[in-house]
Amino acid sequence: MREAIAAAAPVVTVSDWPAIVAGIVIGVVGLAGIVATYWQGKRAAEAASQSLRKSIDAENERARLAEKRRIYAACQAAFTAMRIESITHRVAYQPPPHQRQRGAAELAVNQARRAMLNATGELLLIAPQGVRKIAADLTDSYLSYITATARGASLDEPTEPAGHLQNQLYDAMRADLGEPAEPPEPADS
C-alpha cells in the first residue's frame, strides 16, 4: 500500500522549490491583476457616473435658465403692452367723451391687463424675491393707473413711476440670469 501512496503523491525535492515558488508568485500576481482590474473598472464606472451626473445637472441648469429667459421676456413684453394700452386708455377717457373710442380702449386695456397678470403670475413662480417684489410693484402701479383713469385722471399725471419700475425690473431680471446690467456698447469701427 505504501508503494501505491508513494506513486500517487510525488515527492518534493529541493530542486522543485523554485518551480513551486514561481507558481505561487504567478498565482498571486494573477490574483492581484484581477483585483486591480476590478478596482479600476469600479473607479471608471464611478467616474463615468459622476461625469454623467454633472452633464445632466449642467443641461438641467441650461434648460432652467432658458425657461426663465422665456418667462422674463414674456413678462417684459406684457408690461410694455400694458404701458402702451394704459396710456391709450387714459387718452380715450379725456374730454370730450367718445364712447366708441372708450369701448375700444377698455377692450385693449383689459386684454393687456389679463396678459400682464398671467405673465406676472408665471414670473412669481420662478423669480427670486427681488424680481418678484419689483414685478408686483409694477403690476400694482399699472392697475392703479387704470383705476385712476376710470375715475377721471388727466393726461398730466406722470407715467414715469411705471417706466422707472420697468427699468429696475429689467436690470433685476438680467442680474438673476447672470447677464451684465447693461448690454455692451458696440465697438467703434
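What counts and what doesn't
- Residues numbered from 1 in each chain as written.
- Predicted model: local features only at pLDDT ≥ 70, side-chain atom pairs only at ≥ 80, totals over all residues.
- Heavy atoms only, no water.
- Salt bridge = Lys/Arg side-chain N within 4 Å of Asp/Glu carboxyl O.
- Patch = residues over 30% accessible without salt bridge, like charges linked within 9 Å, V, L, I, M, F, W, Y side chains within 5 Å.
- Areas by Shrake-Rupley, 256 points an atom, 1.4 Å probe, with all protein chains shown as cover.
- Helix = DSSP H or I, 4+ residues; strand = E, 2+ residues; numbered from the N terminus.
- Core = buried A, V, L, I, M, F, W, Y, C linked by side-chain atoms within 4.5 Å.
- Buried < 20%, exposed > 50% of the residue type's maximum accessible area, 1.4 Å probe, protein only.
- Contact = heavy atoms within 4.5 Å.
- Expected span 1.5 Å × (residues − 1).
- Axes fitted to C-alpha atoms, helices over the stretch in contact; angles between N-to-C directions.
- Parallel < 35°, antiparallel > 145°, perpendicular 65-115°, else oblique.
- Nonpolar A, V, L, I, M, F, W, Y, C, P; charged D, E, K, R; others polar.
- pLDDT = per-residue confidence, 0-100.

Engineer: Requested: an account of the pattern of salt bridges, with residues and values cited.
Structural biologist: Considering all chains together, one arrives at seven salt bridges under this definition. A network of salt bridges, in which partner residues are shared, links Glu67, Arg70 and Glu122.

Engineer: How would you explain a nonpolar patch on the surface if you had to name every residue and give the values?
Structural biologist: On the surface, a cluster of nonpolar side chains totalling about 640 Å² of accessible area is made up of Trp17, Ile20, Val21, Ile24, Val25, Val28 and Val29. Of note, Trp17 is situated in helix 2 (residues 17-92).

Engineer: Go over the nonpolar core with me, naming the residues and quoting the values.
Structural biologist: Membership of the largest hydrophobic core comes to 25 residues, with the highest contact counts inside it found for Leu123, Val131 and Leu169. Those elements giving two or more residues to this core turn out to be helix 2, helix 3 (99-126), helix 4 (129-150) and helix 5 (160-176). With seven residues, the top contributor of residues to this core is helix 2. Ignoring sequence-local partners within four residues, the contact set of Leu123 consists of Ile71, Tyr72, Cys75, Val131, Arg132, Ala135 and Met173.

Engineer: Any chance you could break down helix 3 for me, citing the residues and the numbers?
Structural biologist: Since the α-helix packs 3.6 residues into each turn, any two residues three or four apart lie on the same face. Between its first and last C-alpha atoms helix 3 spans 41 Å; for 28 residues at 1.5 Å apiece the expected length is 40 Å, and the two agree. Among the residues of helix 3, Arg102, Ala105, Val109, Ala112, Met116, Ala119, Thr120 and Leu123 are the ones counted as buried. Where helix 3 is buried, its residues meet helix 2, helix 4 and helix 5.

Engineer: Tell me about unusual backbone geometry, residues and numbers included.
Structural biologist: With an omega of -10 degrees, the peptide bond running from Pro95 to Pro96 counts as cis. Tracing the sequence through the fold places Pro96 in the loop between helix 2 and helix 3.

Engineer: Which residues make up the packing of helix 2 against helix 5, and what are the values?
Structural biologist: For the pair helix 2 and helix 5, the least separation of the axes is 11 Å and the interaxial angle reads 170 degrees. As judged from the angle between their axes, helix 2 and helix 5 are roughly antiparallel. Seen from helix 2, the contacting residues are Lys68, Tyr72, Cys75, Gln76, Phe79, Thr80 and Arg83; seen from helix 5, they are Glu160, Ala162, Gly163, Gln166, Leu169, Tyr170, Met173 and Asp176. In terms of residue class, the contact of helix 2 with helix 5 is built from seven nonpolar, four polar and four charged.

Engineer: With reference to specific residues and values, describe helix 5.
Structural biologist: When the terminal C-alpha atoms of helix 5 are compared, their 24 Å separation across 17 residues agrees well with the 24 Å that a helix rising 1.5 Å per residue should span. Turning to helix 5, its buried residues are Ala162, Gly163, Leu165, Gln166, Leu169, Ala172, Met173 and Arg174. Those residues of helix 5 hidden inside the fold are in contact with helix 2, helix 3 and helix 4. One or two residues past the end of helix 5 sits Gly178, with phi positive at roughly 80 degrees.

Engineer: Quick one: what's the story with the confidence of the model for the chain, residue by residue and with numbers?
Structural biologist: With 88% of its residues at a pLDDT of 70 or more, the chain has an overall mean of 86. Helix 3 holds the highest mean pLDDT among the elements of the chain, 95, whereas helix 1 (residues 2-8) holds the lowest, 56.

Engineer: Explain the side chain of Thr120 to me, using residue names and the numbers behind them.
Structural biologist: Considering the arrangement of structural elements, one finds Thr120 in helix 3. Judged by its relative accessible area of 5%, Thr120 falls in the buried class. Ignoring any residue separated from it by four or fewer positions in sequence, one finds Thr120 in contact with Cys75, Phe79, Ala135 and Thr139.

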